[in-house]
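A look at the structure
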Amino acid sequence: MEHKLSPFEVVADGWQDAVFLLNPSGAILWVNEAAAAVVGRSIESLLSLKVTDILTPRSSEVVEAALRSRLQGGPPALIELDLFRPDLSSCRLEVSLSVPARGEETLVAIGRDV
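Residues numbered from 1 in each chain as written. Predicted model: local features only at pLDDT ≥ 70, side-chain atom pairs only at ≥ 80, totals over all residues. Heavy atoms only, no water.

1. Remarks on the nonpolar core
Phe 20, Leu 22, Ile 28 and Leu 46 are the most contacted members of the largest nonpolar core, which totals 29 residues. Listing elements by their share of this core, those giving two or more residues are β1 (18–22), β2 (28–31), α2 (33–39), α3 (43–46), α4 (57–71), β3 (77–84), β4 (90–98) and β5 (107–113). Other than its neighbours up to four places away in sequence, Leu 22 contacts Ala 27, Ile 28, Leu 29, Val 51, Leu 67, Glu 105, Thr 106, Leu 107 and Ala 109. (Core = buried A, V, L, I, M, F, W, Y, C linked by side-chain atoms within 4.5 Å. Buried < 20%, exposed > 50% of the residue type's maximum accessible area, 1.4 Å probe, protein only. Helix = DSSP H or I, 4+ residues; strand = E, 2+ residues; numbered from the N terminus. Contact = heavy atoms within 4.5 Å.)

Given below as structure tokens:
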């Protein structure tokens, strides 16, 4: 059965910013084309990873703390993260991490190359 895009996915897929939808454990549920381009991986390969799999150890710690905070009702986070690409180059993203609606367990991470 083919995945039907939600209205959010339709809009976000055209954005220049990298967009990641994550579950509470950090597994990547959906990414747009910009996210795949920034990370240097295909969309399909990203969907088999957790966000911490593409981050430096220090950035992984920052993300895990931000995920816990947001899921416990903390304020939206604006954080800088360093990620590794498959070619071993790195990239820094400024990421806004938020929960789209109360009670939702899906997190939205929107990143911009800095």
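2. Description of empty space enclosed by the protein
Counted according to the given criterion, the structure contains 1 cavity of 30 Å³ or more. Estimates place the volume of the largest cavity at around 140 Å³. Forming the walls of the largest cavity are 14 residues, and the residues nearest its centre are Phe 20, Val 51, Leu 81, Val 95 and Ala 109. Every element with two or more residues in the lining of the largest cavity is listed here: β1, β3, β4 and β5. Its residues assigned to classes, the lining of the largest cavity shows 13 nonpolar, 1 polar and no charged. (1 Å grid on protein atoms, 1.4 Å probe; cavity = no way out; pocket = protein on both sides within 12 Å on 5 of 7 lines; lining within 4 Å. Points joined across faces, edges and corners; volume = space filled by probe spheres on them. Nonpolar A, V, L, I, M, F, W, Y, C, P; charged D, E, K, R; others polar.)

3. Some remarks on the pairing of β4
Side chains of β4 alternate between two faces, with Cys 91, Leu 93, Val 95 and Leu 97 buried and Ser 90, Arg 92, Glu 94, Ser 96 and Ser 98 left unburied. Sheet analysis places β3 next to β4, joined by 8 bridges and oriented antiparallel. What sits directly across from Leu 81, in β4, is Leu 93. Remark: 5 residues form the turn of the hairpin made by β3 and β4, two consecutive strands paired antiparallel; Leu 88 in that turn has positive phi of roughly 75°. For β4 and β5, the ladder comprises 6 bridges, and the chain directions are antiparallel. For Ser 98, the partnering residue across the bridge sits in β5 and is Val 108. (Pairing = 2+ DSSP bridges.)

4. A few points about the pattern of salt bridges
Under the defined criterion, the tally for this structure stands at 3 salt bridges. Arg 112 serves as the salt-bridge partner of Asp 17, at 2.8 Å between the closest nitrogen and oxygen. Within this pair, whereas Asp 17 is found in the loop between α1 (7–12) and β1, its partner Arg 112 is found in strand β5, the two being separated by 95 residues in sequence. Judged by its relative accessible area of 19%, Asp 17 is buried. As a salt-bridge pair, Asp 82 and Arg 92 come within 2.8 Å of each other at their nearest N and O atoms. With Asp 82 in strand β3 and Arg 92 in strand β4, the pair connects residues that are 10 residues apart, well separated along the chain. (Salt bridge = Lys/Arg side-chain N within 4 Å of Asp/Glu carboxyl O.)

5. Points about unusual backbone geometry
Phi is positive for Leu 88, which is not a glycine, with a value near 75°. Residue placement: Leu 88 occurs in the loop between β3 and β4.

6. Here's the deal with the environment of Ala 34
By the element assignment, Ala 34 lies in helix α2. Take Ala 34: its relative accessible area is 13%, and that puts it in the buried class. When the C-alpha atoms of Ala 34 and Arg 112 are compared, they prove to be 9.5 Å apart, with 78 residues separating the residues in sequence. Excluding residues within four positions of it along the chain, Ala 34 makes contact with Trp 15, Gln 16, Asp 17 and Ala 18.

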